[in-house]
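# Structural characterization, general
Chain by chain, the residues run as shown.
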Amino acid sequence: MPRRARRSETSVGPIDLDLLWTGRCGICLKSLDRDLSHPDPLSKSVDHIVALSRGGAHAQDNLQWSHLICNLRKGVS
């Protein structure tokens, strides 16, 4: 569970990251490469569709795979 989810006492459900895999970034919709790893900006990253800070849950239906850079940019905007 992410540190923010623990701090915000958000609801937490069972997570299966393999079920989330579509091969596409949930933000920009371009393809994801499973083999790239952090800190490559195009590596995969788990994104909360509705941010924890905005009341989103750390649950299967609020998560998607994204590029690390897309996820970071989303957090800034």
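For the structure, check the block above.
These remarks concern the structure in this document. As the structure is a prediction and not an experimental result, all values here were calculated from the model. (Residues numbered from 1 in each chain as written. Predicted model: local features only at pLDDT ≥ 70, side-chain atom pairs only at ≥ 80, totals over all residues. Heavy atoms only, no water.)

### Details of the overall build of the chain
Note the following rule: Put simply, DSSP H or I for four residues or longer makes a helix, DSSP E for two residues or longer makes a strand, and each gets a number counted from the N terminus. When accessible area is computed with a 1.4 Å probe and restricted to protein chains, residues below 20% of their type maximum are described as buried, those above 50% as exposed, and intermediate ones as partly exposed. Throughout, a residue-residue contact means that at least one pair of heavy atoms, one from each residue, lies within 4.5 Å. With residues, only the protein chains shown are counted as cover, and all accessible areas are computed by Shrake-Rupley using a 1.4 Å probe.
Each helix and strand counted, the chain has three helices and two strands in total. Tracing the chain from N to C terminus, the helices and strands come up as α-α-β-β-α. In the chain, buried positions account for 31% of the 77 residues. At a minimum sequence separation of 6, the contacts of the chain that also span at least 24 residues come to 58%. With the model as given, the accessible surface of the chain reaches about 5400 Å², and the carbon-plus-sulfur share is 53%.

### Thoughts on the pattern of salt bridges
In plain terms, the rule: One speaks of a salt bridge when a side-chain nitrogen belonging to Lys or Arg is within 4 Å of a carboxyl oxygen belonging to Asp or Glu.
Applying the stated criterion to the full structure yields one salt bridge. With its nearest N and O atoms 2.9 Å apart, the salt bridge here joins Lys74 to Asp47. Taken together, the residues Lys74 in helix H3 (residues 68-76) and Asp47 in strand E1 (residues 44-48) connect sequence positions 27 residues apart.

### Focus on the nonpolar core
Applied cut-off: Here the nonpolar core consists of buried residues drawn from Ala, Val, Leu, Ile, Met, Phe, Trp, Tyr and Cys, with membership extended through side-chain atoms lying within 4.5 Å.
Core analysis: the largest hydrophobic core is formed by six residues, namely Leu20, Cys25, Leu32, Leu63, Trp65 and Cys70. Once you skip the residues sitting within four places of it in the chain, Leu63 turns out to touch Ile15, Leu20, Val46, Asp47, His48, Ile49 and His58.

### Comments concerning the side chain of Ser66
Relative to the helices and strands, Ser66 resides in strand E2 (residues 63-67). You can call Ser66 buried: its relative accessible area is 0%. Those residues in contact with Ser66 that sit more than four places away from it in its chain are Cys25, Gly26, Ile27, Leu32, Ser43, Lys44, Ser45, Asp47 and Asn71.

### Looking at the environment of Leu68
Within the secondary structure, Leu68 sits in helix H3. As for Leu68 and Lys44, which are separated by 24 residues in sequence, their C-alpha atoms are 5.7 Å apart. In this structure Leu68 touches His38, Pro39, Asp40, Pro41, Ser43 and Ser45, once residues within four positions along its chain are discounted.

### Overview of the packing of aromatic side chains
Formally: Only rings of Phe, Tyr and Trp enter the pairing, Trp through its six-membered ring, and a pair is recorded when the two centres are within 6.5 Å. The plane angle decides the type: under 30 degrees is stacked, over 60 is edge-to-face, the rest tilted. By definition here, charges over rings are those cases where NZ of Lys or CZ of Arg is within 6 Å of the ring centre and within 35 degrees of the ring normal.
Applying the stated rule across the entire model yields one aromatic pair. Taking NZ or CZ as reference, Arg34 lies 4.2 Å from the ring centre of Trp21, over its face.

### What to know about the side chain of Ser45
How we decide: Polar contact criterion, stated in full: a pair of N or O atoms within 3.5 Å, where within protein one must be able to donate a hydrogen and the other to accept it, and residues adjacent in sequence count only if both atoms are side-chain atoms.
Summarising the element assignment, Ser45 is placed in strand E1. Given the relative accessible area of 13%, Ser45 is considered buried. Here the side chain of Ser45 touches Asn71 through a polar contact of 2.9 Å, side chain to side chain. Not counting residues within four places of it along the chain, the set of residues in contact with Ser45 comprises Gln64, Trp65, Ser66, His67, Leu68 and Asn71.

Such coordinate-based values are descriptive only and should not be taken to indicate function.
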